[in-house]
Amino acid sequence: MRSLTPVVPAVALLALVWDCPSASAQPRSVRTALAVHWSSEDYPSNPVVDAAIRQVLQSRDEAPVDYFAEYLESDRFPDEHATLAFRDYLQRKYQGRRIDVVLAITDPALQFVLKYRDQLFPGVPIVASASSTLGAHLAADGVTGVTGRAADAETIELALSLHPSTQRVFVVVQKLTDGYLEGVQAALAKSAERVELRFIQEGSVPGLPAVVRAVPANSLIHFIRFSREDPGNVMFPLEVVRMVAEASPVPVYASTDSFVGTGVVGGMVRLAPRIGSRIGEIALQVLDGRRPQDIPFEQMPAAPVFDWRQVQRWGIDRSLLPPGSEIRYREPTAWELYRWYIVGALALVAVQGVTIAALVVQRSRRREVEARNSAMLHAMPDAMLLLTRDGMFVDYHTSDKSRIEAKPDEFCGRHLREVFPREVAAAFEERFVRLVSGQVPARLEYALQTSDGERQYEARIAACGDHHLLAVVRDITERKHAERQLYTLQNQLAQASRLTALGEFAASIAHEVRQPLTAIIAGARAALRFLSSGSTTEARESLSNVLDAGKRADEVIERNRELFRSHTVRKEPLDINRVVLDAAAMAGLRIESGRVALTTSLAEGLPTIGGDPIQLHQVLLNLIVNAIDAMDTTDAASRRLEITTALASPGTVQVSVRDNGVGLDPVDTQQMFTLSYTTKEAGTGVGLSISRSIVEAHGGRLWAEQNPTRGATFSFTVPALGALPPALEPVAS
Amino acid sequence: VAGRIVTAQDLRVFVIDDEPLVVETLGLLLRANGFVVEGFTSPAEFLARPPYDGLACLLLDLRLKGQSGLDVQDDLRRRGYSLPVVFLSGQGDVPSTARAMREGALDFLVKPVDEPQLLEALARARTKALARQLEERKQRDAAERLARLTKREREVCDLVARGLLNKQIAYELGVSEDTVKVHRGRVMHKLQVDSVAALVRLVSQDRPARAPSQGQ
């Protein structure tokens, strides 16, 4: 650290030493420019023009220019001696000082400079800003610069375009020099063709506001120039125009740059800074050695300028403003002022918005998923129990704690047998054994006494790893209830259809039986009549008719039974095994409620039979129900129902329903198929009779056999589709 | 037991039933009650019989072979038969009973029918047949009388029946009022009426088309 400290001052010193020679090595010849302005230094446009000139002239470091500005105040001191005094002042002031270029701004200044040029600046080039009338012909005299007349006509043109309904334009102008007014009038000749022009002739400034105030609607005021030069009570045009604009009931226009801001709407103006900088540039060219003669006078165009406040005040349609208009005094909008802040802020907000939106979407998705999961869990009325293969409870899950009757610690770590009733536990264990021995997931239905009364459950048990079993338990009480209701309805329907079949049978015989009955009654009555009148022949005839009718009645009944028996059957191709399984399914609840174990042994490759499935279902249901009823007295644990299908003979299929119930009384087998035979209290006695009718209508046979051991077997045959029905079998009745 | 004399009935009963035993025994029963009975086992048989002009009624089975008794009733009406119909039915269901009654069945008896209900129904049928016979007789009489008129007399008759005055009738027919008076006198005479009211009644009795008798 120490060793570094002295180095810094040494470097600084070196830099100073280095810099000094370069500054003084190139001494430049400093040139001098003198500007003569008209009117006082504080006349509004003067500082603007002057600053512009100064900026241009001093813009070049390699060619410095000494710039001085003087002010010919002939407007305020119009006397000749004042002008001469100014001349003398300049002469003395700049004596011994070489002036390289003179800048004359405005006509009076140029006139003054030209007039005293030989005394003051002999041979010095002049760069002027003058009206065009003064310009051009001076080129030969070493005078150049910019020209531009006041753009009064253009301003009026512009004003008229913004106020199309204008009828008159009042021009405020004051005689400045001889011929000045005429010049203005000539310049406005064109405007006079378009609109009525009136020159306000009021000579005094104080009278002016009253005159202006009287200007009618649909008029405009064009302010050219007006000032007050009473000694001690001077008013610049700027102040006058302000006064006029204030008093005017109509928009005021002007073609002077500095007037914009005083209350005029605007106008076509030559911009003071542009005049200044242009003059400065030309002066530089002259200083660089260019001859003024070689630089032609330049026309300074007028540009539209507006005071925004006035544009708004007069309700001017902004779109009518010419393109490229300079608009001043406009309050910048927040957008213009803080554009980047706004853009930044908006971007930030947008980014935040997107982020928030993304978060919201994400959250709603997550919620959706959560809701879905939870809905699924809640919709699943299952409890899951995890047990060891030995039957020990390990864990459980449920969507609804109330579904688990016992508290977790009451059964977790305990054995099935400690938690469930003996039969239920045994059933579970039996399934476990089957499951472990490699069979498919087991299903078990059981009932438990709960605080809600008896409820029924279904458990599906699956292996879970090598040591555990998972039981998904579902409360099926409601389902069972619904099934039971359905079963009841089915039963009622079956009963109703049986009754309907009977009803039709009854109706079909009713008419035919009533005919002989009518004859019997009428004949008997007739016989009585004839007998009472002694007409025995007729009486005998009548009674013989009665006899005939009685026989007829019997015939009718017999014929109808035959008709019913050979009732034609709709035959469609059927798989008898399918029919058996469907019927067994339909009888499922009945089998279950009868606590009967059903086994089916169905032969494969049986021929397709032809028949009405509904009728065959009816036969099978009938046989199944009969079998179950027959096992009422059999011990619940040993009730067995076996349905087998087999090929009885080629072209004939046999179905057998075997039970281990009470069996058949040998006498019964003769009568059991007749219409009214029943051993049941609630039976109609038509079941077997109808079943036999149906089977026979299918071309088959129905019979019953006593089993060698216990119970009975009911069998029926149905011919295969297309097979010839076996030769009419004797009706076993 | 003293033999009871059965009063002869003036009502002829036609029985149609597809069961001959029924036709036969009902015939015996009705004859025992003094009716003249004709039995048929099909509507066609009945139609083959010449139209009967006297008091009659029809005992019709509702359930005939291949045909409903209601349709037979319909058919008979269309053919111009106007005799009252008493239905016999194996079972009286509401719709067919309603239809039978709507279409002018006089009675609806359910088989097996016993004597009292049958006789009662036939008594009602007789009353109706009688009223109808009287009506028909009047119509026939009116038609016969009107047939005696000449064409011109008939014109005058119709205009009188329409309530026109002699003057109007004369104008209508383009004849003199006196001529009208002459025609009118003859009309009254030929029709054997003594007032305009009687004439109007007679003409109106002829009005209902005699369609029913055309089939007989």
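Definitions and limits used
- Residue numbers here run from 1 along each chain, matching the order of that chain's written sequence.
- Whichever chain is written first becomes A and whichever ligand is written first becomes 1, with later ones labelled in order.
- Where totals are concerned, whole chains, interfaces and linings use all residues; where local detail is concerned, this predicted model gives features only for residues with pLDDT of at least 70, and gives and counts side-chain atom pairs only at 80 or more.
- With hydrogens and water excluded, all non-hydrogen atoms of the structure serve as input to the side-chain values.
- pLDDT expresses how confident the predictor is about each individual residue, on a scale running from 0 to 100.
- Only DSSP runs of H or I covering at least 4 residues are called helices, and only runs of E covering at least 2 are called strands; the numbering of each starts at the N terminus.
- Should any heavy atoms of two residues lie within 4.5 Å, those residues are considered in contact.
- Here a polar contact is taken to be a pair of N or O atoms separated by no more than 3.5 Å, where protein atoms must pair a possible hydrogen donor with a possible acceptor and residues adjacent in sequence count only if both atoms sit in side chains.
- With a 1.4 Å probe rolled over the protein chains alone, any residue whose accessible area is under 20% of its type maximum counts as buried; one over 50% counts as exposed, and the rest are partly exposed.
- Following DSSP output, two strands are said to pair if at least two bridges run between them.
- Buried area adds together the accessible area that both of two parts lose upon being put together, with accessible area traced by a 1.4 Å probe.
- Salt bridges are defined by distance alone: a side-chain nitrogen of Lys or Arg within 4 Å of a carboxyl oxygen of Asp or Glu.
- The residues that make up patches have over 30% relative accessible area and no salt bridge, and they are joined within 9 Å when like-charged or within 5 Å when they are Val, Leu, Ile, Met, Phe, Trp or Tyr.
- In this description, accessible areas are obtained by the Shrake-Rupley approach with a 1.4 Å probe, and a residue is regarded as covered only by the protein chains that are shown.
- Pairing of aromatic side chains requires ring centres within 6.5 Å, counting the rings of Phe and Tyr and the six-membered ring of Trp. Pairs whose planes differ by under 30 degrees are stacked, by over 60 edge-to-face, and all others tilted.
- Axes, fitted as lines to C-alpha atoms, cover a helix only where it is in contact. Angles between the N-to-C directions of the axes lie from 0 to 180 degrees.
- We call a crossing left-handed when the near helix sits turned anticlockwise from the far one by less than a right angle, and right-handed when that turn is clockwise.
- Amino acid classes used here: Ala, Val, Leu, Ile, Met, Phe, Trp, Tyr, Cys and Pro are nonpolar; Asp, Glu, Lys and Arg are charged; the rest, including Gly, are polar.
- The set of buried Ala, Val, Leu, Ile, Met, Phe, Trp, Tyr and Cys residues whose side-chain atoms join them within 4.5 Å is what this entry labels a nonpolar core.

Novice: Would you take a moment to explain the confidence of the model for chain B for this structure?
Specialist: When pLDDT drops low, the exact placement of atoms in the prediction is not to be read closely. Residues and elements named next belong to chain B. In the predicted model, chain B carries a mean pLDDT of 83, and the fraction of residues at 70 or more is 89%. The least confident element of chain B, judged by mean pLDDT, is helix α10 (residues 211-214) at 38; the most confident is strand β1 (residues 12-16) at 95. Counting interchain partners and residues more than four positions distant, the pLDDT-below-50 stretch residues 209-216 has 14 contacts.

Novice: Help me understand the side chain of Glu19 of chain B, please; the structure alone is not making it clear to me.
Specialist: If you trace the backbone, Glu19 of chain B turns up in the loop between β1 and α1 (20-32). There is a polar contact of 2.8 Å between the side chain of Glu19 of chain B and the side chain of Arg552 of chain A. Apart from the residues within four sequence positions on either side, Glu19 of chain B is in contact with Gln515 and Arg552 of chain A.

Novice: Please clarify how the pairing of strand β4 (residues 126-130) of chain A should be interpreted in this entry.
Specialist: Side-chain positions along a regular strand alternate between the two faces of the sheet. Residue and element names in this part refer to chain A. Burial of β4 is extensive: five of the five residues sit out of reach of the surface. Residues Ile126, Ala128 and Ala130 point to one face of β4 and Val127 and Ser129 to the other, with burial holding for every one of them. Of the pairings in the sheet, the one linking β4 to strand β5 (residues 143-147) comprises five bridges and is parallel in character. Looking at β5, one finds that Ser129 is bridged to Val146.

Novice: Please explain the interface of chain B and chain A as it appears in this structure.
Specialist: Interface size is commonly expressed as the accessible area that is lost once the parts come together. Residue-level contacts link 25 residues of chain B with 21 residues of chain A. At the boundary of chain B with chain A, total buried surface from both sides reaches about 2,200 Å², with 59% on carbon and sulfur atoms. By the criterion of area lost to chain A, the three top residues of chain B are Leu21, Leu28 and Pro112 of chain B, representing 26% of everything that side buries. There are three salt bridges connecting chain B and chain A. One salt bridge connects Arg525 of chain A with Asp114 of chain B, and the closest N-O pair in it is separated by 2.6 Å. Taken together, the connections running from chain B to chain A amount to eight residue pairs in polar contact (both at pLDDT 80 or more). Mapped by element, the contributors of at least two residues to the side of chain B that touches chain A are α1 and α5 (115-147) of chain B.

Novice: How should a nonpolar patch on the surface be read in this particular structure?
Specialist: On the surface, Trp335, Trp340 and Val343 of chain A cluster together into a nonpolar patch covering about 360 Å² of accessible area. Within the fold, Trp340 of chain A resides in helix α13 (residues 334-379).

Novice: Mind showing me how you'd approach the pairing of β5 of chain A here?
Specialist: All names here are of chain A. When you tally the buried positions in β5, you get five out of five residues, the bulk of the element. Where β5 meets strand β13 (residues 298-299), two bridges bridge the pair, whose relative direction is parallel. Its bridge partner being in β13, Thr147 is matched across the sheet by Gln299.

Novice: Honestly, the packing of aromatic side chains in this entry has me stumped. Any pointers?
Specialist: The relative placement of two aromatic rings is captured by the distance of their centres and the angle of their planes. Residues and elements named next belong to chain A. For the coordinates displayed, the defined rule picks out 17 aromatic pairs over all chains. When the centroid spacing of 5.3 Å and the interplanar angle of 15 degrees are considered together, the rings of Phe420 and Phe428 count as stacked. You'll find Phe420 and Phe428 in the same group, each marked buried. By way of ring pairs, the aromatic residues Phe393, Phe420, Phe428, Phe432, Tyr446 and Tyr457 are connected into one cluster.

Novice: Got a minute to help me understand the packing of helix α8 (residues 177-191) of chain B against helix α9 (residues 196-206) of chain B in this structure?
Specialist: Angle between the axes and distance between the axes: these two values describe a pair of packed helices. Residues and elements named next belong to chain B. Two numbers describe how α8 lies on α9: the axes approach to 11 Å, and their chain directions differ by 65 degrees. Relative to α9, the crossing made by α8 is left-handed. Each of Arg184, Val187, Met188 and Leu191 in α8 lies in contact with α9, whose residues at this interface are Val196, Leu199 and Leu202. In terms of residue class, the contact of α8 with α9 is built from six nonpolar, no polar and one charged.

Novice: Explain the nonpolar core to me, please; I cannot follow it from the model alone.
Specialist: One recurring pattern in soluble globular proteins: nonpolar side chains tend to sit buried together. Residues and elements named next belong to chain A. Ranked by internal contacts, the top residues of the largest apolar core, which has 34 residues, are Leu620, Leu623, Leu641 and Phe716. Counting only elements with at least two residues in this core, the list comes to α19 (576-586), α21 (613-630), β24 (640-649), β25 (652-659), α23 (687-697), β26 (702-706) and β27 (712-719). Among the elements that take part in this core, α21 stands out by supplying seven residues, more than any other. When sequence neighbours within four positions are dropped, the list of residues in contact with Leu641 reads Ile591, Val596, Ala597, Leu598, Thr599, Ile624, Ala627, Met631, Val657 and Arg658.

Novice: Looking at this structure, how should I read the sheet that holds β27 of chain A?
Specialist: The pairing of strands in a sheet happens through backbone hydrogen bonds and is either parallel or antiparallel. Residues and elements named next belong to chain A. Read across the sheet, five strands follow the order β22-β24-β25-β27-β26 without closing on themselves; strand pairing throughout is mixed. In the strand order of this sheet, the two ends are held by β22 (597-602) and β26, each with one partner. With strand direction ignored, the average angle separating the axes of adjacent strands in the sheet is 20 degrees. Bridge count between β24 and β25: eight bridges; the pairing is antiparallel. Its bridge partner being in β25, Ser649 is matched across the sheet by Thr652. With respect to the sheet, α21 is in contact with β24, β25, β26 and β27, its orientation differing from that of β25 by roughly 25 degrees.

Novice: Quick question: what am I supposed to make of the sheet that holds strand β3 (residues 101-105) of chain A here?
Specialist: Residues and elements named next belong to chain A. The sheet built from six strands is open, its strands ordered β2-β1-β3-β4-β5-β13 with parallel pairing. In the strand order of this sheet, the two ends are held by β2 (65-72) and β13, each with one partner. Across four bridges, the pairing between strand β1 (residues 31-38) and β3 is parallel. Residue Val36 lies in a different strand from β3, and its bridge partner there is Ala104. Running at roughly 165 degrees to β2, helix α2 (residues 45-57) makes contact with β1, β2 and β3 of the sheet. Lying over the sheet, helix α4 (residues 107-115) contacts β1, β2, β3, β4 and β5, oriented at roughly 150 degrees with respect to β4.

Novice: For this particular structure, what's the right way to read unusual backbone geometry?
Specialist: With the exception of glycine, the majority of residues adopt a negative phi angle, and the majority of peptide bonds are in the trans configuration. Here the amide bond leading from Lys111 of chain B into Pro112 of chain B is cis, since omega sits at -10 degrees, within 30 degrees of zero. With phi around 80 degrees, Thr106 of chain A is a residue other than glycine that occupies positive phi space. Tracing the backbone shows Thr106 of chain A in the loop between β3 and α4. Within the chain, Gln192 of chain B stands out as a residue other than glycine whose phi angle is a positive 55 degrees. Secondary-structure assignment places Gln192 of chain B in the loop between α8 and α9.

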